[in-house]
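Here is what each chain is made of, one letter per residue.
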Amino acid sequence: MGSQRFSGSLFVMLVLGFLLGVSRGYKFYVGGRDGWATNPSERYSHWAERNRFQVNDTLFFKYKKGSDSVLIVSKDDYSSCNTKNPIKSLTDGDSTFIFDRSGPFFFISGNADDCNKGKKLIIVVMAVRPEPLPPTPYSPITPASSPQSTSSPPAVSPDARSPSDSAGPAQAPSTNSKSGSSGFTAGSLSVGLVLGASIGVSFILGGFLRVV
């Protein structure tokens, strides 16, 4: 358990050290062991071509203070070795310069004669590459679900019902309905009239027979 924690801590320290080194950049000694010399063993242009420079990298110019200087100049002043209008001057001996942007930088000696003899340097700093974006998590696209048809019939408004439905549930015919009672009364009246007429006729005939 303890060894795993130690390994994890060591890994974190290595990563932090790497990140700090990248953020601070690298330190390049111009001219190698010869330094900022008049007659270096390797031409400064060749030395610059075999190296790669990035933002935050540092150049170190080794020379004796008072004997020379380093001037950062424009492209035209670099070509003509013009020391009268430098962008920046480094005169303190063992000077350092940090790249704060990408693109070309032009350095010449503060001594015009030494510059004309080849004591000058062009360095192109590589462009800063943005950090790659993390991959977007895959999310499958689900098609929109179509509305499902239902088997139930559409709702019917109360106004659309049939007369039989609006009348309510069918009821069995009642034996005590008005029509039935009316028919019974008419039949009884007819029978009564016939009986009454028969009785009347009988009385009339009986009286007539008596008179005769």
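Rules used in this analysis
Residues numbered from 1 in each chain as written. Predicted model: local features only at pLDDT ≥ 70, side-chain atom pairs only at ≥ 80, totals over all residues. Heavy atoms only, no water. UniProt positions renumbered as here; feature names shortened; annotations may be inferred. Salt bridge = Lys/Arg side-chain N within 4 Å of Asp/Glu carboxyl O. Disulfide = S-S within 2.5 Å. Helix = DSSP H or I, 4+ residues; strand = E, 2+ residues; numbered from the N terminus. Buried < 20%, exposed > 50% of the residue type's maximum accessible area, 1.4 Å probe, protein only. Polar contact = N/O pair within 3.5 Å; in protein donor to acceptor, adjacent residues only side chain to side chain. Contact = heavy atoms within 4.5 Å. Pairing = 2+ DSSP bridges. Axes fitted to C-alpha atoms, helices over the stretch in contact; angles between N-to-C directions.

- The name given to the protein in an unreviewed UniProt entry is Phytocyanin domain-containing protein, with the source organism recorded as Populus tomentosa.
- UniProt lists a comment for the protein under the heading Sequence similarities (unreviewed entry), and it reads "Belongs to the early nodulin-like (ENODL) family."
- Regarding the protein, the UniProt comment filed under Subcellular location (unreviewed entry) reads as follows: "Cell membrane".

### Let's talk about the pattern of salt bridges
Part 1: Tallied over the entire structure, the rule returns two salt bridges.
Part 2: Between E42 and R50 there is a salt bridge whose closest N-O contact spans 2.8 Å.

### Quick notes on the state of the cysteines
Part 1: Taken as a whole and assessed by the stated rule, the structure comprises one disulfide.
Part 2: Disulfide pairing is shown between C81 and C115; the S-S distance is 2.1 Å. Where C81 bonds to C115 through sulfur, the torsion about that S-S bond is close to -80 degrees, and the disulfide is left-handed. Here C81, found in the loop between α3 (75-80) and β4 (88-90), pairs with C115, found in helix α4 (residues 112-116); they are 34 residues apart in sequence, far enough to count as distant. Comparing C81 with C115 shows no difference in burial state: the two are buried.

### Thoughts on the side chain of S109
Part 1: Within the fold, S109 resides in strand β6 (residues 103-109).
Part 2: Within the structure, the side chain of S109 is placed 2.9 Å from the side chain of D68, a separation counted as a polar contact.
Part 3: With near-sequence residues (within four places) excluded, S109 lies in contact with W36, D68, S69, L71, T83, D114, C115 and K119.

### So, the sheet that holds strand β1 (residues 27-29)
Part 1: With mixed pairing, the three strands of this open sheet are ordered in space as β1-β2-β5. Lying at the two open borders of the sheet, with one neighbouring strand each, are β1 and β5 (95-98). Taken pair by pair, the neighbouring strands of this sheet meet at an average axis angle of 25 degrees, ignoring direction.
Part 2: Pairing of strand β2 (residues 58-61) with β5, which is carried by four bridges, proceeds in the antiparallel orientation. Within the sheet, the bridge partner assigned to T58 lies in β5 and is I98.

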